[in-house]
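# Working through the structure, step by step
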Amino acid sequence: MEFLLQLALNGVVVGSIYALVALGFVIIYKSSGVLNFAQGEFLLLGAYVFWALVEGHAPWPYAVALTILFSILLGLAMERLILRPMIGEPIISVIMVTLGLSSILRAIVLGAWGSDTRPYPALFASEPIQIGPLPISRGYLFSMFTAALLLALFTLFFRYSRVGIAMRATAFSQEVAQSMGISVRRIFAVSWSIAAVVSALGGILLGELRGGVDGSLAILGLKTLPVVILGGLDSIAGAIVGGLIVGVLENLAGGYLDPVMGGGVKEVAPFAALVLILMFKPYGLFGKVKIERV
Amino acid sequence: MRSGDFRTSYEADMAVFDTALARWLLAGFVAALLLFPLIGTSFWLDVSSRVGIAVIAALGLNILTGFTGQISLGNAAFLAVGAYTTAWLAGKGVPFIIAMYVSGLVSALVGMVFGIPSLRLKGLYLAIATLAAHFIVAFTVVHWEAVTGGVNGISIPPAQIGSFTFDSDQRLYYVILAAAIFHLWFAKNLFRTRMGKAFIAVRDHDISAEVMGVDVFRHKLYAFGVSSFFVGVAGSLLAYQAKIISPENFPLSVAIDQLGMIIIGGLGSVLGSIFGAVFITLLPEVLRIVTGALAGQLPQLVQLFAALKLGVFGLTIVLFLIFEPDGMAARWHRIKAYWKLYPFSY
Amino acid sequence: MHRLEIDGVSLRFGGIYALQDVTMHVAPGELVAIIGPNGAGKTSLINCISGVYRPWAGSVRFDGRDVTRLPPATRTRLGLARTFQNIALFQHMTVLENMMVGRHFHQKTGLFTGGFYYGPGRREEIAERKIVEDIIDFLEIEHVRKKIVHTLAYGLQKRVELARALALEPSLLLLDEPMAGMNAEEKEDMARFILDVNEEKGTTIVMIEHDMGVVMDLSHRIYVLNFGKKIAEGEPSVVRGNREVQVAYLGADAA
Ligand SMILES: Nc1ncnc2c1ncn2[C@@H]1O[C@H](COP(=O)(O)OP(=O)(O)OP(=O)(O)O)[C@@H](O)[C@H]1O
Ligand SMILES: [Mg+2]
């Protein structure tokens, strides 16, 4: 029982970070219909930039702020240089351009920092806090609450801020948005920036959880895909619920099946679940079903 | 001088290589490929064999993604299925040709199973379903040790027909060359007849295809089958060529490389599959030679090679998509059209 | 027996009814027009007949057979063909190839006979090509047969779409605004082709069209839809005189 709870809790913690990264996917998809396969590299780059700043003796709040700034610029640059020329191209080309982008970003990280693990500073005391029977590490608690806070903030942002409302209008219909005087291009740019920022923050949290960062962090971009599919590509609530489900699922699968199967179940379980879900609910739990017009 | 072309029967009008010149050029090119092992070093023989395998795999992917419009990130997985089937069969002493085609069939079957979601999924959602196929197959390969040898991999005895073994690089090169030419020819025919046209119709407008009497779902499944068959055959040849295979031969980046091949070469083009496979396979080799030559002046380049390789690949893809989105084949056709009427091209 | 019988068909999208209890029938050899203002449900009705949409209630019978639950491809095999309001050609294929897809279910060539291009596969491909060439002659599009369709002018693409539908050799042909966006000369040609198909080949035709002149000239009978409901039916002269139609459709001039 305790084991189960521990696994579930780990799942919730990791899941909330998945939700954060998934939010990045959903924001870009909702506004521009692009699935950004370079999301994991945004995360990787953010985590490394933060590490480099801290290494350079920046106090960590400043390091976070500068990482956010860097991510905003990164998102703007990517949208401007790479995505804008691709407007109107077939899906396969858009997928491929983000895959090409992911190679470039990974190459930059590899070239600049090599492939060794770079340790993160320990921000929290190492002895865990007891909650009921469960010992929980402070870093975990911090990550979970930060992720939850950020998710809440972004949800409010979409619901009430002017930019958020403009983004929702654009997602609903680009023509309608344009006719209301919203600059669709600016919305695309904003959504890429937000996606880069949430990914970088996810990367920092993950680095903090793991105690360091290395190239394998980029795989998180792919691992978040089951989350967005589960939740439905165009649903922010879906991203959050999906993130938690996948986080818990993979930890349970890993905890109970890995010893039996000899490892790797944790990684594959979300994808196996994904195939099943797609067979029965092709647009995820919250995605919209559309009947095509001819 | 050639001045356009005129034909007198439907038969002649429907030929693949439509002029005598085209046929002569092709014959010359094939002759050069046949003579190549006599002069090529073993390094270049190895590279050319890998190009040949890549051509078949890229062609397979192009059948599904370029011609039928079903985006697949599962190509490394289907390649692995073909390779491991061959490893297993060859270990049991099954002769080469049979092993190769059974591998194709097993891969086709697996491909069709993972194609089932295409009944309801399109575009991005399907791409992600095939990504799931990749991870599920990769998991199976690592864990089904009795057949695959797990992470340690498995070795493959040389290809064999009767008492003749293809145990040298030269012999294997010819096998791969023959297989590549045969599958290219088959694909070319396929797309000028009924099933191939139905594939293209599904890609261009699926609702319209259905209304024209094409059973769209069935043809998507066929496309998954035919495509994975080609890829499985490529996987089989890869197993024979590599002699030892392990999960490291089939990372996701292989699937992405092959998508890169068909994008750069030309989606929905048999010729483009060749261009793209040659280009993407040669790219790192050329890069290696260049960095090797520059290592004297810039020794740090050697350390940066991995990053450089990755970055150049990504940059190539992005630049092609922005500046030559129809791929090399389209450019080739434009040049050809220009020369056809030369010097009255305008 | 009727060629086409539609009985009490209703269709909903979310809250709105695109079609509400529509009933109509078409006899073999007839040329029937469906008219109505924008958004009246005309295209939705054609979609229900061809199987692109599944009606929410009611039935569609084709040559006496209930086809309501059959997928579009199966209906096509039974003899139904259609064109689309917004051109739905296979944009990257040539005119010839588009039409060869129309021969798809008449052919048998499979993976191997096609891939090896020998014997039966090769013979069939050549025989089918002859059938397609006859239609090309009939619609006077010889000069573009090898052109990729997206390079053709709009009016020509509309004609190619008719050619592709005719390649199916249908007994019932559904045309969704075959003359939309054409100039007067192109319209005249198209009207002549439609009439020829109906009279020479004896093909039954159901046509949606906004051009009243064309509709009154060509059609034997007319159905009028408004807000998803059938509001009138009958011969052109009868429909023209119908008060409700004048208000709903001809709008300002009539009032
Ligand atoms: N796939 C769909 N999803 C949602 N609503 C639809 C869909 N297809 C049609 N509708 C709605 O059904 C109604 C009827 O549309 P339909 O296209 O049948 O009209 P129409 O008579 O063909 O009009 P037009 O003359 O403009 O072509 C419209 O309100 C339309 O918005
Ligand atoms: Mg309409």
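In this text, all values refer to a predicted model and were calculated from it rather than measured experimentally. (Residues numbered from 1 in each chain as written. Chains lettered and ligands numbered in written order. Predicted model: local features only at pLDDT ≥ 70, side-chain atom pairs only at ≥ 80, totals over all residues. Heavy atoms only, no water.)

This next bit is on the site of ligand 1. In the vicinity of ligand 1 lie 16 residues, with Gly-39, Lys-42, Thr-43, Ser-44 and Gln-85 of chain C positioned nearest. At the site occupied by ligand 1, the surrounding residues belong to chains A and C. The contact in question runs from an oxygen atom of ligand 1 to an N or O atom on the side chain of Asn-38 of chain C, over 2.9 Å. Here an oxygen atom of ligand 1 and a backbone polar atom of Gly-41 of chain C are 2.9 Å apart. The element best represented in the shell around ligand 1 is helix α1 (residues 42-50) of chain C, accounting for 3 residues. (Near = heavy atom within 4 Å. Polar contact = N/O pair within 3.5 Å; in protein donor to acceptor, adjacent residues only side chain to side chain. Helix = DSSP H or I, 4+ residues; strand = E, 2+ residues; numbered from the N terminus.)

Moving on to a nonpolar patch on the surface. All names here are of chain A. Taken together, the side chains of Met-1, Phe-3, Leu-4, Leu-5, Tyr-256, Leu-257, Val-260 and Met-261 present a nonpolar region at the surface, about 810 Å² in accessible area. Where the nonpolar patch is concerned, the elements lending two or more residues are α1 (2-32) and α11 (236-261). The element contributing the most residues to the nonpolar patch is α11, with 4 residues. (Patch = residues over 30% accessible without salt bridge, like charges linked within 9 Å, V, L, I, M, F, W, Y side chains within 5 Å. Areas by Shrake-Rupley, 256 points an atom, 1.4 Å probe, with all protein chains shown as cover. Salt bridge = Lys/Arg side-chain N within 4 Å of Asp/Glu carboxyl O.)

All names here are of chain C. On the secondary structure map, Leu-166 appears in helix α6 (residues 154-167). Remark: the alpha-carbon pair of Leu-166 and Phe-227, spanning 61 residues in sequence, is separated by 31 Å. Apart from the residues within four sequence positions on either side, Leu-166 is in contact with Ile-135, Phe-138, Leu-139, Leu-173 and Val-197. (Contact = heavy atoms within 4.5 Å.)

Residues and elements named next belong to chain B. Here chain B averages 90 in pLDDT, and 93% of its residues register 70 or above. Per-element mean pLDDT across chain B ranges from 65 in helix α1 (residues 10-13) up to 97 in helix α11 (residues 216-242). In the predicted structure, residues 1-5 sits below a pLDDT of 50 and forms 10 contacts with residues beyond four places in sequence or in another chain. At the level of chain-chain contacts, confidence expressed as ipTM amounts to 0.91, with global pTM at 0.91. (pLDDT = per-residue confidence, 0-100.)

This part covers the coordination of the magnesium ion (ligand 2). Think of it this way: four donors in a tetrahedron around the metal ideally sit 109.5 degrees apart, and six in an octahedron ideally sit 90 or 180 degrees apart. All names here are of chain C. For the magnesium ion (ligand 2), the full set of protein donor atoms is Thr-43 (OG1) and Gln-85 (OE1), at a range of 1.8 to 2.1 Å. With a gap of 42 residues between them, Thr-43 in helix α1 and Gln-85 in the loop between β6 (80-82) and α3 (95-102) connect regions that are remote in the sequence. Classification of Thr-43 as buried rests on a relative accessible area of 15%. (Donors = N, O, S within 2.8 Å, 3.2 Å for Na, K, Ca; no water. Buried < 20%, exposed > 50% of the residue type's maximum accessible area, 1.4 Å probe, protein only.)

In many reports, interface size means the accessible area that the parts give up when they come together. Opposite the 46 residues of chain A that make contact, chain B presents 41 residues. Across the chain A/chain B interface, buried area totals approximately 3,700 Å², and carbon plus sulfur atoms make up 84% of it. In this structure, the connection of chain A to chain B is made through 0 salt bridges. Of all the secondary-structure elements, those providing two or more residues to the side of chain A that touches chain B are α3 (60-83), α4 (91-113), α10 (225-231) and α12 (265-280) of chain A. Here the element with the most residues in the side of chain A that touches chain B is α4 of chain A; it accounts for 15 residues. Within the side of chain A that touches chain B, the residues separate by chemical class into 34 nonpolar, 9 polar and 3 charged. (Buried area = accessible area lost by both parts, 1.4 Å probe. Nonpolar A, V, L, I, M, F, W, Y, C, P; charged D, E, K, R; others polar.)

Quick look at the pairing of strand β9 (residues 221-226) of chain C now. Residues and elements named next belong to chain C. β9 sits mainly inside the fold: 6 of its 6 residues count as buried. Alternating positions in β9 separate into two faces, Arg-221, Tyr-223 and Leu-225 on one and Ile-222, Val-224 and Asn-226 on the other, with burial throughout. Pairing between strand β3 (residues 31-35) and β9: 4 bridges, direction parallel. Opposite Ile-34, over in β9, you have Tyr-223 as the bridge partner. Note that β9 and strand β10 (residues 229-234) share 5 bridges and pair antiparallel. Within β10, the position partnered with Ile-222 by the bridge is Gly-234. Two successive antiparallel strands, β9 and β10, enclose a turn made up of 2 residues, where Phe-227 displays a positive phi of approximately 50°. (Pairing = 2+ DSSP bridges.)

Below, the discussion takes up the sheet that holds strand β4 (residues 57-62) of chain C. Residues and elements named next belong to chain C. Judged by pairing direction, the sheet is antiparallel, and its 4 strands sit side by side in the order β2-β1-β4-β5 without closing on themselves. Among the strands making up the open sheet, the edge pair consists of β2 (16-26) and β5 (65-66). In this sheet, β2 lies alongside strand β1 (residues 4-13) in antiparallel orientation, the contact comprising 7 bridges. The residue bridging Leu-11 from the neighbouring strand is Leu-19, located in β2. Contacting β1, β2 and β4, α1 runs over the sheet at an angle of about 120° to β1. (Axes fitted to C-alpha atoms, helices over the stretch in contact; angles between N-to-C directions.)

Now for the side chain of Asn-251 of chain A. All names here are of chain A. Structurally, Asn-251 can be placed in helix α11. Take Asn-251: its relative accessible area is 8%, and that puts it in the buried class. A polar side-chain atom of Asn-251 sits 3.0 Å from the main-chain carbonyl oxygen of Gly-247. For Asn-251, the residues in contact, after removing those within four places along its chain, are Leu-7, Asn-10, Gly-11, Val-14 and Lys-266.

So, about the pattern of salt bridges. According to the stated counting rule, one finds 27 salt bridges over all chains in the structure shown. Between Glu-133 of chain C and Arg-129 of chain C there is a salt bridge, with its nearest N and O atoms 3.0 Å apart. In this pair, Glu-133 of chain C and Arg-129 of chain C are both assigned in helix α5 (residues 119-138), 4 residues apart and thus about one turn of the helix distant. Each member of the salt-bridge network shares a partner with another, and the members are Asp-46, Arg-50, Glu-285 and Arg-288 of chain B.

Once that is clear, we can look at the interface of chain A and chain C. Contacts between the two partners involve 4 residues from chain A, matched on the other side by 8 residues from chain C. Between chain A and chain C, a total of about 390 Å² is buried, with carbon and sulfur atoms accounting for 71% of that surface. Inspection of the region where chain A meets chain C yields 0 salt bridges. Between chain A and chain C we count 0 residue pairs in polar contact (both at pLDDT 80 or more) in total. Residue composition of the side of chain A that touches chain C, grouped by class: 2 nonpolar, no polar and 2 charged.

This part is about the packing of helix α12 (residues 252-265) of chain B against helix α13 (residues 270-294) of chain B. For any two helices packed against each other, the geometry is given by the interaxial angle and the distance between the axes. Residue and element names in this part refer to chain B. For the pair α12 and α13, interaxial distance at closest approach is 7 Å and the crossing angle is 125°. Classified by the angle their axes make, α12 and α13 are oblique. In the packing of α12 onto α13, the handedness of the crossing is right-handed. Residues Asp-257, Gly-260, Met-261, Ile-264 and Gly-265 of α12 lie in contact with α13, whose contacting residues are Gly-272, Phe-275, Gly-276, Ala-277, Phe-279, Ile-280 and Thr-281. In terms of residue class, the contact of α12 with α13 is built from 6 nonpolar, 5 polar and 1 charged. (Parallel < 35°, antiparallel > 145°, perpendicular 65-115°, else oblique. Left-handed = near helix turned anticlockwise from the far one by under 90°.)

Over the atoms, a rolling probe the size of a water molecule traces out where space has been left empty. Counting across every chain of the model gives 4 cavities of 30 Å³ or more. Considered as a void within the structure, the largest cavity measures approximately 70 Å³ in volume. Lining the largest cavity, in full, are Ile-27, Lys-30, Ser-31, Phe-158, Met-167, Arg-168, Ala-171 and Ile-236 of chain A. Where the lining of the largest cavity is concerned, the elements lending two or more residues are α1 and α6 (162-172) of chain A. Across the lining of the largest cavity, the residue classes break down as 5 nonpolar, 1 polar and 2 charged. Thr-83, Phe-84, Lys-158, Glu-161, Leu-162, Leu-175, Pro-178 and Met-190 of chain C together form the lining of the second largest cavity. A total of 3 residues in the lining of the second largest cavity trace back to one element, the largest contributor, which is α6 of chain C. (1 Å grid on protein atoms, 1.4 Å probe; cavity = no way out; pocket = protein on both sides within 12 Å on 5 of 7 lines; lining within 4 Å. Points joined across faces, edges and corners; volume = space filled by probe spheres on them.)

Turning our attention to the side chain of Thr-203 of chain C. Note that Thr-203 of chain C resides in the loop between α7 (184-200) and β8 (204-208). For Thr-203 of chain C, the residues in contact, after removing those within four places along its chain, are Glu-30, Pro-170, Ser-171, Leu-172, Leu-173, Val-197 and Asn-198 of chain C.

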